[in-house]
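Below, each chain spelled out in residue letters.
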Amino acid sequence: MVLVWCLVLILMASCSSGSERGATNPDSSGGNSAEGSTDAPAKPDEKEAGGTTEMDFDMGGRTIKWVSWYDESIKEDNPDSIKKKQNLDELMKKHNFKMEYVIIDYAEYVNKVTSSLLAGEPIGDIIRLARPWMIPTLVKQDLFSPVDEYTKNQNVFIQQYTNDYSQFEGRGYGFRAGINGASSGIFYNRTLMGKLGLKPLQEYVNEDNWNWETFIQVAKEANKDTNNDGKLDIWGLASASILVQALAANDANIVSEGKQNLEDPKTKETLSFISRLATEHIARPTEGGDWTEPGQFFRQGNTLMYAGSDYEMDGFKKDMPDLDIGFLPFPKGPSATEYHSHLTIPNYLTIPKAVEHPEQLVYIYEKINDIESIYDYPKQSTLETLFKNEDDIHNAKMAGEIINVVDGKDGYPSMPYYEFLGEILEGNSVSTVIGKYKEPFQASIDEVWKK
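Source: prediction; values computed, not measured.

### A closer look at unusual backbone geometry
Then, in step 1: For the bond from Ile135 to Pro136, the omega torsion is 5 degrees, close enough to zero to count as cis.
Then, in step 2: Here Pro136 lies in the loop between helix 4 (131-134) and helix 5 (137-140).
Then, in step 3: Phi is positive for Asn96, close to 60 degrees, though the residue is something other than glycine.
Then, in step 4: On the secondary structure map, Asn96 appears in the loop between helix 2 (79-95) and strand 4 (97-103).
Then, in step 5: According to the relative accessible area criterion, Asn96 is partly exposed, its value standing at 31%.
Then, in step 6: In this structure, Asp142 takes a positive phi of about 60 degrees despite not being glycine.
Then, in step 7: By the secondary structure assignment, Asp142 is in the loop between helix 5 and helix 6 (159-165).

Pasting the structure below:
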């Protein structure tokens, strides 16, 4: 259940992810604005450097509600966040508003937010949403204000989130500062690697030779029957069910521009790779567990590699204190030239159409986050906390520099994704499986986009 796994992780760790409850790390800023302002709308002017010039408006003491499934208040836990909190305090005084962070349980989140929007009484002024929850259905109903004209400051706004992830019919409806998301890759047990006498896995990265072939080679070398009872008791890879990660790593996708993309050569390469992991018995077989099973296998200390995301390192340090755990980027697919991480449900901040003066809300958010960071790159503090090994830090940084969004089950409720993946893992011919599922996949896509 790889997509479920991705969904829970992406929306569960304050990503870096924090994970979207993670998935991508919350951008811990602050800034919500109220519906009504006592001033006429002030249009932000753009400086040549991309930042918005100073705006003068009074919010009349309003409380701006910022809604999310996790606490997005500024924690003041590093010099950058301290500066952001100072900015917020100054903005509240200057523009006469208060800030309230509203947390709604993830299990109830979509229903509560959607109901409030449809009723014309949005639950907040700034609301965090994931793309499949709003695009296309809610955006088609004109429930959000486009924000792309206000998000030009590249020192603050991640342009991909506005111009790509939240784009609909030529306008961008979401904004986000901070980081692109979690770095996904391969955790490995360096202690076990040493006991098995394997070539250090970091060397494959150093040689620029960390690809699907060397990945399979390493997994096969680690599969061992150490007590000669005819059964493996050491495994190289925790699970073959890593389709989403592999699609991202090969610049592939199963949906592209509103069409099923199963017949694309890059998608076929990826499906063949997953089939090989299963049919050649390269990965550890399931024991009937749920989506947590691969992580539990890895924690047993007898499995060399596990595909996961950077924020999981906290759990491994707690559960595997006596083992040396390393991190590598996910190996490059044959059609890729760089390492990639993945997202399945990118999330960002939105402003409901019923809220007045969206330009003021985005302006406040921008001014909170427009600081000169003390760090060399956005995730430095997070990665240096998660990892102590310099190679692991570098690998996680490199893995997170390019994040591919993999569309699929999360955006198309009736898509028979798990049945499709199940047949690939059972060893059925890739071409036969594609032929069987391409029409049901397209029907599930049309069901969403052609309403």
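### A closer look at helix 3 (residues 106-118)
Then, in step 1: Across its 13 residues, helix 3 extends 19 Å between first and last C-alpha, which sits within 8% of the 18 Å expected from 1.5 Å per residue.
Then, in step 2: Residues of helix 3 that are buried: Tyr109, Val113, Ser116 and Leu117. Buried residues in helix 3, looked at end-on, bunch into an arc of 95 degrees, giving them a common side. Projecting away from the buried face of helix 3 at angles above 90 degrees are the exposed residues Ala107, Asn111 and Leu118.
Then, in step 3: Sitting at the head of helix 3, Asp105 places a side-chain oxygen 3.0 Å from the backbone nitrogen of Ala107.
Then, in step 4: Gly120 sits one or two positions beyond helix 3 and adopts a positive phi of about 80 degrees.

Analysis parameters
Residues numbered from 1 in each chain as written. Predicted model: local features only at pLDDT ≥ 70, side-chain atom pairs only at ≥ 80, totals over all residues. Heavy atoms only, no water. Helix = DSSP H or I, 4+ residues; strand = E, 2+ residues; numbered from the N terminus. Buried < 20%, exposed > 50% of the residue type's maximum accessible area, 1.4 Å probe, protein only. Expected span 1.5 Å × (residues − 1). Arc of directions from axis to C-beta. Polar contact = N/O pair within 3.5 Å; in protein donor to acceptor, adjacent residues only side chain to side chain.

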